[in-house]
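Notes for the structure review
The residues making up each chain are set out below.
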Amino acid sequence: MARTKRKANPVKPAPVQEASRQHIYQTGGYIRLSVEDSGKPGADTVENQKEMVRGYIENQPDMELYRMYCDNGQTGTDFERPEFERLMQDVRAGKVDCIVVKDLSRFGRNYRETGNYLERIFPFLGIRFVAVSDHFDTLGAERGSDGYIIPLKNIINEVYSKDISRKSGSAMAVKQRNGEFIGTWAAYGYQKRADDPHRIEPDADTAPVVQMIFGWRASGMSYTKITRQLNGAGIPSPSRYHYLKGDAVCGRYADAVWRTPMVKKILSNEVYLGHMVQGRKRGSFYEGKKQQKIPKSDWVIVRNTHEPIVDEGVFLKVQKMAQEQKAAYQENLGKYDGLGKTENILRGLVFCADCKRPLVRYKSVYRKGAKVNYSYICPSHMDNPDSCPNKHVPEKKMLEILWDVLKNQIKLAEEMTEQMHQSHVLAQTASRDIAIKQEDAAMQALKRAQMLYDSLYPMYAEDKVLTEQEYLQMKQTYQMQIHKAEGRLEAVRAEKQSLLLQEKRNPWLEACMGFTGEAGLTAEMAKALISRVEVGEYNRLTVTLCYQDEYKCLAEFLNGAGKEMPA
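Numbering of residues begins from 1 in every chain and follows the order in which that chain's sequence is written. Only residues with pLDDT of 70 or above have their local features reported here, since the model is predicted, and side-chain atom pairs are shown and tallied only from 80 upward, although totals for entire chains, interfaces and linings are computed over all residues. In computing side-chain values, all of the structure's heavy atoms are included and hydrogens and water are not.

1. Digging into the overall build of the chain
Secondary structure elements follow DSSP: runs of H or I no shorter than four residues count as helices, runs of E no shorter than two count as strands, and numbering proceeds from the N terminus. Each helix and strand counted, the chain has 17 helices and 19 strands in total. Exposure is judged per residue with a 1.4 Å probe applied to protein chains only, and the accessible area is read against the type maximum: over 50% gives exposed, under 20% gives buried, and values in between give partly exposed. Taken over 567 residues, the chain has a buried fraction of 40%. Partitioning the intrachain contacts of the chain with sequence separation of at least 6 by distance along the chain shows that 67% fall at a separation of at least 24. Of the roughly 32,300 Å² of accessible surface on the chain, 50% is carried by carbon and sulfur atoms. What makes two residues a contact is simply this: any of their non-hydrogen atoms within 4.5 Å. Values of accessible area rely on a 1.4 Å probe in the Shrake-Rupley scheme; residue burial ignores everything except the protein chains shown.

2. With respect to the pairing of strand 8 (residues 190-193)
Strand pairing requires that DSSP identify at least two bridges connecting the strands. In terms of strand pairing, strand 8 meets strand 9 (residues 196-202) through four bridges, oriented antiparallel. Opposite Arg193, over in strand 9, you have Asp196 as the bridge partner. If you look at the hairpin formed by strand 8 and strand 9, you'll find two residues sitting between the two strands.

3. A word on the packing of aromatic side chains
The aromatic pairing rule takes the rings of Phe, Tyr and Trp, using the six-membered ring of Trp, and pairs them if the centres are within 6.5 Å, calling planes under 30 degrees apart stacked, those over 60 edge-to-face and the rest tilted. In the structure shown here, the tally under the stated rule is 15 aromatic pairs. Here Phe84 and Tyr117 contribute two aromatic rings whose centre-to-centre distance is 5.3 Å and whose plane-to-plane angle is 85°, an arrangement assigned as edge-to-face. Remark: Tyr117 occurs in helix 4 (residues 111-125) and Phe84 occurs in helix 2 (residues 82-92); sequence separation between them is 33 residues. We note that Phe84, like Tyr117, is buried. Through a chain of ring-to-ring contacts, the aromatic side chains of Tyr30, Phe84, Phe107, Tyr117, Phe122, Phe129 and Phe136 assemble into a single cluster. Two thresholds decide whether a charge sits over a ring: the Lys NZ or Arg CZ must be within 6 Å of the ring centre and within 35 degrees of the ring normal. Just above the ring of Tyr374 sits the side chain of Arg361; from NZ or CZ to the centre is 3.8 Å. One residue, Arg532, lies across the ring of Phe351, its end atom 3.8 Å from the ring centre.

4. What to know about the pairing of strand 19 (residues 541-545)
In the sheet, strand 18 (residues 530-535) pairs with strand 19 via five bridges, with the strands oriented antiparallel. Among the inter-strand pairings, Glu534 is bridged to a residue of strand 19, identified as Thr542. Here strand 18 folds back onto strand 19, and the loop between the two strands holds five residues, one of which, Tyr538, carries a positive phi near 60°.

5. Points about the environment of Asp383
Within the secondary structure, Asp383 sits in helix 11 (residues 379-383). Owing to a relative accessible area of 6%, Asp383 belongs among the buried residues under this scheme. With residues near it in sequence (within four places) discarded, Asp383 still touches Thr227, Arg228, Asn231, Trp258, Arg259, Thr260 and Arg357.

6. Things to note about the sheet that holds strand 5 (residues 136-137)
One key point about sheets: their strands pair by backbone hydrogen bonds, in either a parallel or an antiparallel sense. Read from one edge of the open sheet, five strands run 2-1-3-4-5, paired in mixed fashion. Two strands in the sheet have a free side with no partner beyond their single neighbour: strand 2 (63-72) and strand 5. Sheet topology places strand 1 (residues 25-33) next to strand 2; nine bridges connect them, and they run parallel. What sits directly across from Tyr25, in strand 2, is Met63. Its contacts with the sheet place helix 1 (residues 46-58) against strand 1, strand 2, strand 3 (98-101), strand 4 (128-131) and strand 5, and it is angled at close to 165° to strand 2. Where helix 2 meets the sheet, its contacts fall on strand 1, strand 2 and strand 3, and the angle it forms with strand 2 comes to roughly 150°. Axes here mean lines fitted to C-alpha atoms, for a helix over just the part in contact, with angles spanning 0 to 180 degrees between N-to-C directions.

7. Structural notes on the sheet that holds strand 14 (residues 350-352)
With mixed pairing, the three strands of this open sheet are ordered in space as 14-18-19. One side of each edge strand has no neighbouring strand; the edge strands of this open sheet are strand 14 and strand 19. Neighbour-to-neighbour, the strand axes of the sheet open up by a mean angle of 25°, direction not taken into account.

8. Examining the confidence of the model for the chain
Values of pLDDT, which run from 0 to 100, indicate the predictor's confidence residue by residue. In this model, the chain carries an average pLDDT of 78, and 75% of its residues clear a pLDDT of 70 or more. Ignoring residues within four places in sequence, the model shows residues 36-42, a span with pLDDT below 50, making 16 contacts including any to other chains. Taken as a whole, residues 425-430 scores under 50 in pLDDT and shows ten contacts with residues more than four places along the chain or in a different chain.

9. Structural notes on the pattern of salt bridges
When a carboxyl oxygen of Asp or Glu is within 4 Å of a side-chain nitrogen of Lys or Arg, the pair counts as a salt bridge. Per the stated rule, a full pass over the model turns up twelve salt bridges. With a closest N to O distance of 3.4 Å, Lys356 and Glu534 form a salt bridge. Linking Lys356 in the loop between strand 14 and strand 15 (360-366) with Glu534 in strand 18, this pair joins segments that are 178 residues apart in sequence. The salt bridge involving Glu395 is made with Arg361; its shortest N-O contact spans 2.8 Å. With Glu395 in helix 12 (residues 395-422) and Arg361 in strand 15, this pair connects stretches of sequence that are 34 residues apart. What makes Glu395 buried here is its relative accessible area of 6%. Ionic contacts of the salt-bridge type, sharing partners, join the residues Asp62, Arg128 and Asp137 into one network.

10. Digging into the environment of His275
With respect to the helices and strands, His275 occurs in the loop between helix 9 (260-267) and strand 10 (276-278). For His275 and Gly179, which are 96 residues apart along the polypeptide, the C-alpha to C-alpha distance reads 8.4 Å. A polar side-chain atom of His275 sits 3.3 Å from a polar atom in the side chain of Arg303. Whenever two N or O atoms come within 3.5 Å, that pair is a polar contact, provided that in protein one can donate a hydrogen and the other can accept it, and provided that, for residues adjacent in sequence, both atoms are side-chain atoms. Engagement of the side chain of His275 in a polar contact is seen with the backbone nitrogen of Asn304, the distance being 3.1 Å.

Next up, the structure:
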């Protein structure tokens, strides 16, 4: 039977059904803004989008808000966004079955990827999608030979985005060469002029802080001590200062503190001499180029564009100190190589239990260069002692503790291997072959059901072989078949896993047994058996090992076989 097209595509709830039969959609509201929310009245702000999306959901009798997902300052030209990925995780977990956005451009400006979600991914997952301002709702959307009548708008969104990128890029380049400021925030110590946002002037609140930083450095104070002085005096860091002023609403800025790289950046910025320095990074969406750092020789520097806040003599003295320090560092490279070098075998494994930052492996030379030691320290405590308790663990001590832990794991693995041999729990070859065949059959059944399910939509939307009613009925049937096949496959794999455990193919067992006979901790062993090491207050270590679930599974199996579990 031929299907008739609808002439309108309004955003409206599904037809009213009996209360007992009406499906209530668990709805995720998705918000995106391509630049940090300025909070200016009338702007397309995060709060404006939230209000519209939340209001729409509250007025729909078949929707219930599950949660809001907000990507502030994220581009719409791709889908690599933290909150969008979180939304899709909840979708795949079955927690969300409806998504509401303000309009399609908030969802994405890349027409291929946006179309892929609307035409393939969302229908496959059974997700309803609503774009409020565009009057688009997949529950009652008009469809054509290419699916929903929406791809053209997605193309326009992307073309518009690329056109804006090209035009704004060339316009911004002209402004940079003219010495006009084009950034979101002026450099710390300055603010945009009220009468001309492309010009900057000293900020009465922060300019004295910049002068103080330069003064401290010129007097010989180290970068680390300057950072501590700023944090100790309770002076807000640049990002926290903007947060307190209301220029930025991103929560991660609320408790941001001064860090040493931030101080170094301020002390090397020529903007404080009255020169406009821009173009340190460059990217181009319309050319498909991601943002990347630009060599200093290619920066756009226009002299004498605004009032300086640092004396040139002080600035040059600070730059000379930095050059001398760098030269001294380069000269000292290799100076103590005669003492021997040791590999950082715990690289990427050791973290602070409080601030969660990776601990830094710190090298110290003492006894007039006769001996070298390594320790792990917390960078947050170094920047601001009040922000995080002190951690200072000698590497030698940490390696000894970890070796004791892993040595016990390896010994435990040897004992459990012996128990397995003694209890004769190795699976018979025939049983193993049966399990493998059962898994193959279950996998084929699942693939067949998925293939049939995937073929439905093209048969309905493109080939017009199926009516809408036939499509929905067959979709439900194949979903049930997929669910049944997945259950069967899970049961078969559980049975097979039990046999594999008996055959000593347990990942924990294999990993541990690969290091029998070792006399000490190695980098390979650490990466294979340690998931994470956290150092807490008073240098207390918490070690998280790999394969703990596999160990418990094997231990339970042996215990179930009537064997005493190892201590």
